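Understanding the architecture of this molecule
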Amino acid sequence: MCAMCANLTVSQSKLLKKAASMLATEIKERKLEKERVVNACFPALTLSGLSAEELKDLCRELNSKIDVVDEARYDIEVKVDKNVIELQALNQKITGLKGAKRPNLKRVKKTTDDMLGACGDNSKLMKADFKVNLKTVKKEEEKKEEVNDWRKNVEALSGMEGRMKKFNAGQ
């Protein structure tokens, strides 16, 4: 390797080591923060020195708190499920509006014999020339008016004789 590449890999390894050590310290800090928050919100129970009635009252109080938390959890789960169903419906509408993508089909040229041979059982299929069985359609040719030189027409139809020819042609 070249000297520049060696320097690059050394600097990269130093960066990776530094990042790994920073990540480890960050994980430790998060764990300590979590323990601190839990201890602040939920103080440790002191059960020593309590009578049986006081322990029963404490259990009832804890059960009522658990019920409140369970109700809140259930309400949140219902909202989340409702939102998930709504998201799925919206995604279906989006895919419906976009339409399914169809793959591009490749054009394959096959003769009639190849198509009949692909079916496999030639005894059941009769080889036929499809082109012979097709009907031929003749196009009707449009009648085109003959276009003559207009100057000859004007000279021939000029004067009284020309008007008589037009009059007789119209009848």
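Residues numbered from 1 in each chain as written. Predicted model: local features only at pLDDT ≥ 70, side-chain atom pairs only at ≥ 80, totals over all residues. Heavy atoms only, no water.

Digging into the overall build of the protein chain
Scanning the protein chain from N- to C-terminus turns up six helices and zero strands. Its helices and strands in sequence order give the protein chain the pattern α-α-α-α-α-α, from N to C terminus. In the protein chain, buried positions account for 2% of the 171 residues. With the model as given, the accessible surface of the protein chain reaches about 17,900 Å², and the carbon-plus-sulfur share is 59%. (Helix = DSSP H or I, 4+ residues; strand = E, 2+ residues; numbered from the N terminus. Buried < 20%, exposed > 50% of the residue type's maximum accessible area, 1.4 Å probe, protein only. Areas by Shrake-Rupley, 256 points an atom, 1.4 Å probe, with all protein chains shown as cover.)

Here's the deal with a nonpolar patch on the surface
Taken together, the side chains of Leu 45, Leu 47, Leu 50, Leu 55 and Leu 62 define a hydrophobic patch exposed on the protein surface, amounting to about 400 Å² of accessible area. Secondary-structure assignment places Leu 45 in the loop between helix H1 (3–41) and helix H2 (52–98). Overall, the relative accessible area of 52% leaves Leu 45 in the exposed class. (Patch = residues over 30% accessible without salt bridge, like charges linked within 9 Å, V, L, I, M, F, W, Y side chains within 5 Å. Salt bridge = Lys/Arg side-chain N within 4 Å of Asp/Glu carboxyl O.)

Structural notes on the pattern of salt bridges
Enumeration according to the criterion identifies six salt bridges in this entry. A salt bridge links Arg 30 to Glu 26; its shortest N-O distance comes to 2.8 Å. Placement of the pair is Arg 30 and Glu 26 together in helix H1, with a separation of four residues, close to one helical turn. You can call Glu 26 partly exposed: its relative accessible area is 36%. Overlapping salt bridges bring together Asp 70, Arg 73 and Glu 77 as one network.

Side note on H2
Compared with an ideal rise of 1.5 Å per residue, which puts 47 residues at 69 Å, H2 spans 68 Å between its outermost C-alpha atoms and is within 8% of the ideal. Remark: Gly 99 follows H2 within two positions and exhibits a positive phi of approximately 85°. (Expected span 1.5 Å × (residues − 1).)

Just geometry here; none of it tells us what the structure is for.
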